[in-house]
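Here is how the chains run, residue by residue.
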Amino acid sequence: MLIGIVGKPSSGKSTFLNAACLTQYKTANYPFTTIKPNLGKSFVRTICACRELNIKDNPKNSICINQNRFIPVKLLDVAGLVPDAHLGKGMGNQFLSDLARADVLIHVIDISGSLDAEGQDIDEGARDPLDDIKFLEDEINFWFKDLIIKKDWGKFVRKIEQEKLSFVDLLHERLAGIGIQKEHILNAMNSINLDFEKLTKWNDDNIFDFARKLREISKPIIIAANKIDKHNGEQMLTELKRKYKGKIIPCSALAEYWLRKYAEDRIIEYLPGDTKFKIIQNEKLQKSELNALKNIEEKILKKYNSTGIQDIINYSVFNVLNQIVVYPVYDTNSFSDKDGNVLPDAHLVLKNTKLKKFVETKIHSDLAKNFIYGLDARSKMRLGEHYELKNNDIIKIVSAVKPK
Ligand SMILES: Nc1nc2c(ncn2[C@@H]2O[C@H](COP(=O)(O)OP(=O)(O)OP(=O)(O)O)[C@@H](O)[C@H]2O)c(=O)[nH]1
Ligand SMILES: [Mg+2]
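A quick note: this is a predicted structure, and the numbers were derived from the prediction, not measured.

Rules and cut-offs
- Residues numbered from 1 in each chain as written.
- Chains lettered and ligands numbered in written order.
- Predicted model: local features only at pLDDT ≥ 70, side-chain atom pairs only at ≥ 80, totals over all residues.
- Heavy atoms only, no water.
- Helix = DSSP H or I, 4+ residues; strand = E, 2+ residues; numbered from the N terminus.
- Rg over C-alpha atoms; globule rule 2.2 N^0.38 Å.
- Contact = heavy atoms within 4.5 Å.
- Areas by Shrake-Rupley, 256 points an atom, 1.4 Å probe, with all protein chains shown as cover.
- Lys, Arg positive; Asp, Glu negative; His and termini not counted.
- Charge placed at Lys NZ, Arg CZ, Asp CG, Glu CD.
- Pairing = 2+ DSSP bridges.
- Axes fitted to C-alpha atoms, helices over the stretch in contact; angles between N-to-C directions.
- Left-handed = near helix turned anticlockwise from the far one by under 90°.
- Nonpolar A, V, L, I, M, F, W, Y, C, P; charged D, E, K, R; others polar.
- Phe/Tyr/Trp six-rings, centres within 6.5 Å; stacked < 30°, edge-to-face > 60°.
- Buried < 20%, exposed > 50% of the residue type's maximum accessible area, 1.4 Å probe, protein only.
- Lys NZ or Arg CZ within 6 Å of the ring centre and 35° of its normal.
- Donors = N, O, S within 2.8 Å, 3.2 Å for Na, K, Ca; no water.
- Salt bridge = Lys/Arg side-chain N within 4 Å of Asp/Glu carboxyl O.
- Expected span 1.5 Å × (residues − 1).
- Polar contact = N/O pair within 3.5 Å; in protein donor to acceptor, adjacent residues only side chain to side chain.
- Near = heavy atom within 4 Å.
- Domains from an automatic or database assignment.
- Buried area = accessible area lost by both parts, 1.4 Å probe.

1. A few points about the overall build of the protein chain
Link 1 in the chain: Within the protein chain, the regular secondary structure consists of 14 helices and 14 strands.
Link 2 in the chain: Computed over the C-alpha atoms, the radius of gyration of the protein chain is 24 Å, within 12% of the 22 Å expected from 2.2 N^0.38 for a compact globule of 404 residues.
Link 3 in the chain: Considered along the principal axes of its C-alpha atoms, the protein chain spans approximately 70 × 60 × 35 Å.
Link 4 in the chain: Counted over contacts in the protein chain with a minimum sequence separation of 6, partners at least 24 positions apart contribute 68%.
Link 5 in the chain: Surface accessibility of the protein chain: about 19,600 Å² in total, with carbon and sulfur atoms responsible for 48%.
Link 6 in the chain: With 62 positive and 54 negative side-chain charges, the protein chain shows a spacing of 4 Å between the two charge centroids.

2. Brief notes about the sheet that holds strand β13 (residues 382–383)
Link 1 in the chain: Strand order across the open sheet formed by five strands is β11-β10-β14-β12-β13, with mixed pairing between neighbours. Looking at strand neighbours, the two that pair on one side only are β11 (347–350) and β13, the edges of this open sheet.
Link 2 in the chain: Summarising the sheet, strand β12 (residues 371–376) and strand β14 (residues 393–399) pair through five bridges and their orientation is antiparallel. Counterpart to Tyr373 in the pairing with β14 is Val398.

3. A closer look at the packing of helix α4 (residues 129–149) against helix α6 (residues 167–175)
Link 1 in the chain: As a packed pair, α4 and α6 sit with axes 9 Å apart at the nearest point and diverge in direction by 115°. α4 and α6 meet at a crossing whose hand is right-handed. Residues Leu147, Ile148 and Ile149 of α4 touch α6, and the partners they reach there are Leu171, Arg174 and Leu175.
Link 2 in the chain: Residues belonging to the contact of α4 with α6 are distributed by class as follows: five nonpolar, no polar and one charged.

4. Regarding the packing of aromatic side chains
Link 1 in the chain: Scanning the model with the defined rule gives 12 aromatic pairs in all.
Link 2 in the chain: With 5.2 Å between their ring centres and 75° between their planes, Phe196 and Trp202 make a pair best called edge-to-face. The same class applies to Phe196 and to Trp202, which are both buried.
Link 3 in the chain: Of the aromatic side chains, those joined through ring pairs into one cluster are Trp153, Phe156, Phe167, Phe196, Trp202 and Phe210.
Link 4 in the chain: Lying across the ring of Tyr330, Lys396 places its NZ or CZ 4.0 Å from the centre.

5. Regarding the coordination of the magnesium ion (ligand 2)
Link 1 in the chain: Bound to the magnesium ion (ligand 2) on the protein side are Ser14 (OG) and Thr34 (OG1), at distances that span 2.0 to 2.1 Å. Taken together, the residues span a long stretch of sequence, with Ser14 in helix α1 (residues 13–21) and Thr34 in the loop between α1 and β2 (38–47) at a distance of 20 residues.
Link 2 in the chain: Under the relative-accessibility criterion, Thr34 is labelled buried at 9%.

6. Section: the pattern of salt bridges
Close approach of charged atoms lets side chains of opposite charge pair.
Link 1 in the chain: Across all of its chains, the model carries 21 salt bridges by this definition.
Link 2 in the chain: Notably, a salt bridge pairs Asp132 with Arg127, separated by 2.7 Å at the nearest N-O pair.
Link 3 in the chain: Classification of Arg127 as buried rests on a relative accessible area of 15%.
Link 4 in the chain: A salt bridge links Arg174 to Asp152, with the nearest nitrogen and oxygen atoms 2.8 Å apart.

7. Brief notes about α4
Link 1 in the chain: When the terminal C-alpha atoms of α4 are compared, their 30 Å separation across 21 residues agrees well with the 30 Å that a helix rising 1.5 Å per residue should span.
Link 2 in the chain: The residue sitting at the N-terminus of α4 and contributing the capping side-chain oxygen is Asp128; that oxygen lies 2.9 Å from the backbone nitrogen of Leu130.
Link 3 in the chain: Of the residues one or two after α4, Lys150 is the one with positive phi, at around 45°.

8. Some words on the site of ligand 1
Link 1 in the chain: Taken together, 24 residues form the shell around ligand 1, and within it Lys13, Thr15, Phe32, Thr33 and Asp229 come nearest.
Link 2 in the chain: Thr33 places a main-chain nitrogen or oxygen 2.8 Å from an oxygen atom of ligand 1.
Link 3 in the chain: Taken by itself ligand 1 offers 660 Å² of open surface, and the protein chains cover 90% of this.
Link 4 in the chain: Every element with two or more residues in the shell around ligand 1 is listed here: α1 and α10 (253–264).
Link 5 in the chain: It is α1 that provides the largest number of residues to the shell around ligand 1, a total of three residues.

9. Quick word on the environment of Leu96
Link 1 in the chain: Position of Leu96 relative to the elements: it lies in helix α3 (residues 94–98).
Link 2 in the chain: Note: C-alpha distance between Leu96 and Leu22 (74 residues apart in sequence) is 24 Å.
Link 3 in the chain: Dropping the residues within four chain positions of it, Leu96 is found in contact with Ile140 and Trp143.

10. Topic: the domain arrangement of the protein chain
Link 1 in the chain: Entries for the protein chain in the domain assignment read domain 1 (1–37 + 78–123 + 220–321), domain 2 (150–217) and domain 3 (324–399).
Link 2 in the chain: Centre-to-centre separation of domain 1 and domain 2, based on C-alpha positions: 35 Å.
Link 3 in the chain: Each partner contributes to the interface: domain 1 provides four residues, whereas domain 2 provides seven residues.
Link 4 in the chain: Buried area between domain 1 and domain 2, both sides added, is near 410 Å², and the carbon and sulfur share of it is 44%.

11. Topic: the side chain of Asn18
Link 1 in the chain: Inspection of the secondary structure puts Asn18 in helix α1.
Link 2 in the chain: On the basis of relative accessible area, Asn18 is assigned to the buried category, the value being 4%.
Link 3 in the chain: A polar contact is formed between the side chain of Asn18 and the backbone oxygen of Tyr25, at a distance of 2.8 Å.
Link 4 in the chain: If we skip the residues at most four places from it in the chain, Asn18 touches Thr23, Gln24, Tyr25, Thr27 and Tyr257.

12. With respect to the environment of Trp258
Link 1 in the chain: Among the structural elements, Trp258 can be located in helix α10.
Link 2 in the chain: Sequence separation between Trp258 and Ile280 is 22 residues, and the spatial gap between their C-alpha atoms is 15 Å.

Take a look at the structure:
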């Protein structure tokens, strides 16, 4: 799973990545600080099954802190995007292909409205963040449209009609490079009123509408209203929420970055996504740092309940990508693997995935081939290959032979 971070220059994309992944990529208050994409490992946070079972676990593929399970996800921060990037403006379209593999996009906007369309400083509030939302969506939709059309749309659709070929299969082939699944195409076709029997009759608007729908389904965008710490942040957020009905999550990437940094140095106690922090080494903090922390507490945590960064990652994975957490185990009494590690792995998987498919893709293909049945570790009930996985399932797989 890959989460792409997009937005105009200087909106705070690299700061977001650094905050979410504790990386040290360069950030600066001038446009196009980032040119080559930056990759980082972050985590979704969920309440660990060890809490309900009241057991001590030994995680392997993830981390458990205070009964919170942190499961890794990849984040990619790319160069800033400016209006008309699809026509070659700014850094052009190169970075869009960097995003080809992203499953969901976090659009980092400057909620304080202090940057123009190209990311240059302007007076606070002078830019309407809604304009950023619109232009960025347009750019990504144009990118999709260009990929769908390539240069031979006319020839492409005539061939499909004359030879009665499958539009879904051929479009899927055409778009395979950007991670589009057949299901995405089918969903887009079902949710738009266009005649797929008469592709040769489509005009430019029809193609764009279809591209937009396919983009919405295959690369959904969540708005991260960043720099909420700025003094006009709250008011700008209220105004934006009045005008824009999509999901907006307020955040301060800078605040999260500092909280994680102090926590890493054991100066404060703080876990990503916490609603508060505790200072444990007061003597290591300068007065200005204490003030900054107080500001984070008063103006961000108390007001918004968190810095927003963890919420955005969780929302992307759990709500938008519909992932659930499943724990495979070997021993259904101790909830452990063969070596006695309790709840060793927590896997992210699409809600309602069938048990056998889960085994095949997340555990071992041999185990799937020789699958006999599964066992619900809590109830000890048998589960067939078509059992649809639910969040927090703890499952043992029984197979005919042991995988090598
Ligand atoms: N006040 C405040 N400033 C922030 C926040 N996040 C980022 N910044 C500042 O915004 C400026 C730009 O941040 P970057 O992370 O470099 O922005 P970017 O989107 O990666 O920019 P490009 O790589 O040039 O596209 C830096 O000066 C950051 O310190 C935030 O939450 N609050
Ligand atoms: Mg950057």
